[in-house]
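Chain by chain, the residues run as shown.
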Amino acid sequence: MQKLTILGATGSIGVSTLDVVARHPDRFQIYALSGHSRVVELAEQCLTYKPRYAVVADQSSAQQLQQLLRPGSPETEVLYGVEGLCYIASAPEVDTVMAAIVGAAGLLPTLEAARAGKKVLLANKESLVMAGRLFMDAVREAGAILLPIDSEHNAIFQCLPSGYSPDHRAGVQKVLLTASGGPFRTTPLEALSAISPEQACAHPNWDMGRKISVDSATMMNKGLELIEACWLFDLSPSQIEVVIHPQSVIHSMVEYVDGSVLAQLGNPDMRTPIAHAMAWPERVDSGVSRLDIIATARLDFEAPDLERFPCLVLAMEAARLGGGAPTVLNAANEMAVEAFLNGDISFTRIAEVVAVVLAGTVTTEPNTLEAVQSIDQLARQYAVDVIQRAH
Ligand code: NAD
Ligand code: MG
């Protein structure tokens, strides 16, 4: 029986994870759930899964959750804040941690899980983009097992030979990172500045949280994933090629020196990579419908249009620069996306804000958590200034 903590249980990945858990009560048991501000949803999950702990954002949310739980789930203790998150990520009873908080807020608890040597199922790509070396060092030093949940990285993991390691590259030539191109792949360029948050969040193939949906629409998501792949598989940015594949049936590919290209296919439903990582190295039913390859009929591919997707170019630049640039990129992007979702800036301003902050911030590689946090804070403040200047 695997005891599982889900960080970000009330989000899109969290809910899909609970769906897989519910299909295999003989394998998985929920130890703890976190839900930040969505207290009512978290209370419902607690009444169903009866975790030992539930974690929310602050004391008042904790009181609210306690009140909702009292009759049905006396066994659940309510904690709050970053300390609560770090505790449920690293408690001795926990085997597996699903890291599914969105954004930089996921870094500390995910790092705690790695430092405690847990099996870490990584959805929170931002923590790897912000603090890649620190995070990978923690995984190695503590002997943690890191399994990617991001569908592309999970596909790459499945297409790499078992035993693949940085010292033993096993003939890997390059990685083909696929991208759907999002909702605006063919929208006339002059229409992009008037895109609303609702349009940006309506992804053609995937049902996701709002932040990653906007990142998919700008293709910043693919740029963050390129940086994520460099850390996960010890690749240089030049070994990764981004390929637009609008159907989202192939989730990524690995090319070998002998000319072989291996791909992982499936319907676009996050329960496949989630179930893969949860059961690894075994396989379990995920509830995802079978891929009908005849009905799929076509798989199309094209190169990304770099004029249309400046955020992808900025992320490639940050990946090439290395050092603190990915930390700056991530912080500026989080602030710009939030401003866009709040209606403060237009869709096309997202890339402009990130570009100014990235160009105007000189950093060196942060090798402590404090250094990461200080670069993150500086870049956020800079982004706020740039956003306000536009008003
Ligand atoms: P979401 O917005 O649906 O859920 C986010 C979760 O994080 C919620 O449970 C929320 O309560 C919690 N949260 C938000 N702010 C928090 C904070 N400050 N402190 C603590 N908890 C906080 O997001 P999602 O789509 O589930 O994405 C989660 C992560 O997984 C992201 O990093 C995203 O990039 C990654 N991911 C998601 C998908 C997908 O299909 N949704 C695919 C690949 C990767
Ligand atoms: Mg992805």
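Residues numbered from 1 in each chain as written. Chains lettered and ligands numbered in written order. Predicted model: local features only at pLDDT ≥ 70, side-chain atom pairs only at ≥ 80, totals over all residues. Heavy atoms only, no water.

(A) The arrangement of the pattern of salt bridges in detail. All chains considered together, the criterion is met by 25 salt bridges. One salt bridge connects arginine 308 with aspartate 305, and the closest N-O pair in it is separated by 3.7 Å. Ionic contacts of the salt-bridge type, sharing partners, join the residues Lys125, Asp150, Glu152, Lys222 and Glu225 into one network. (Salt bridge = Lys/Arg side-chain N within 4 Å of Asp/Glu carboxyl O.)

(B) Looking closely at empty space enclosed by the protein. For the coordinates displayed, the defined rule picks out 1 cavity of 30 Å³ or more. In this model, the largest cavity occupies a volume close to 70 Å³. Surrounding the largest cavity, 13 residues form its lining, Ser151, His251, Gln264, Thr272 and Pro273 being those nearest its centre. Of the residues belonging to the lining of the largest cavity, the class tally is 4 nonpolar, 8 polar and 1 charged. (1 Å grid on protein atoms, 1.4 Å probe; cavity = no way out; pocket = protein on both sides within 12 Å on 5 of 7 lines; lining within 4 Å. Points joined across faces, edges and corners; volume = space filled by probe spheres on them. Nonpolar A, V, L, I, M, F, W, Y, C, P; charged D, E, K, R; others polar.)

(C) Spotlight on the domain arrangement of the protein. Entries for the protein in the domain assignment read domain 1 (2-148), domain 2 (151-320) and domain 3 (322-391). With centres defined by C-alpha atoms, the gap from domain 2 to domain 3 works out at 24 Å. Across the boundary between the two partners, domain 2 contributes 25 residues, which contact 19 residues of domain 3. Here domain 2 and domain 3 share an interface that buries about 1700 Å² over both sides, 79% of which is from carbon and sulfur atoms. By the criterion of area lost to domain 3, the three top residues of domain 2 are Lys211, Leu314 and Ala318, representing 28% of everything that side buries. Connecting domain 2 to domain 3 are 0 salt bridges. Our count for the domain 2 to domain 3 interface comes out at 4 residue pairs in polar contact (both at pLDDT 80 or more). Secondary-structure elements contributing two or more residues to the side of domain 2 that touches domain 3 are helix H8 (197-201), helix H9 (210-218), helix H10 (220-233) and helix H13 (310-321). No other element matches H13, which puts 7 residues into the side of domain 2 that touches domain 3. (Domains from an automatic or database assignment. Contact = heavy atoms within 4.5 Å. Buried area = accessible area lost by both parts, 1.4 Å probe. Polar contact = N/O pair within 3.5 Å; in protein donor to acceptor, adjacent residues only side chain to side chain. Helix = DSSP H or I, 4+ residues; strand = E, 2+ residues; numbered from the N terminus.)

(D) A look at the state of the cysteines. Following the criterion strictly, the structure yields 0 disulfides and no others. Cysteine cysteine 311 remains unbridged, with the sulfur of cysteine 201 as its closest cysteine sulfur at 14 Å. Classification of cysteine 311 as buried rests on a relative accessible area of 2%. (Disulfide = S-S within 2.5 Å. Buried < 20%, exposed > 50% of the residue type's maximum accessible area, 1.4 Å probe, protein only.)

(E) Examining the nonpolar core more closely. In terms of nonpolar packing, the biggest core is built from 94 residues, with Phe135, Leu329, Phe347 and Ile350 touching the most fellow members. Top element by residues in this core is helix H14 (residues 325-341). It accounts for 10 residues. When neighbours within four sequence positions are excluded, phenylalanine 347 is seen to be in contact with Phe184, Leu192, Ser193, Ile195, Ala200, Ala217, Thr218 and Phe340. Grouped together as the second largest cluster of nonpolar side chains are 35 residues, Leu4, Val20, Phe28 and Met278 included. (Core = buried A, V, L, I, M, F, W, Y, C linked by side-chain atoms within 4.5 Å.)

(F) Inspection of the sheet that holds strand E6 (residues 119-122) at higher detail. If you walk across this open sheet you meet the 7 strands as E4-E3-E2-E1-E5-E6-E7, and the pairing is parallel. Every other strand in the sheet has two partners, leaving strand E4 (77-80) and strand E7 (145-148) as the edge strands with one partner each. In this sheet, neighbouring strand axes are inclined to one another by 20 degrees on average, regardless of whether the strands run parallel or antiparallel. Pairing of strand E2 (residues 28-36) with strand E3 (residues 53-56) involves 4 bridges; the strand directions are parallel. Bridging from a neighbouring strand, alanine 32 pairs with tyrosine 53 of E3. Running at roughly 165 degrees to E4, helix H3 (residues 59-69) makes contact with E3 and E4 of the sheet. (Pairing = 2+ DSSP bridges. Axes fitted to C-alpha atoms, helices over the stretch in contact; angles between N-to-C directions.)

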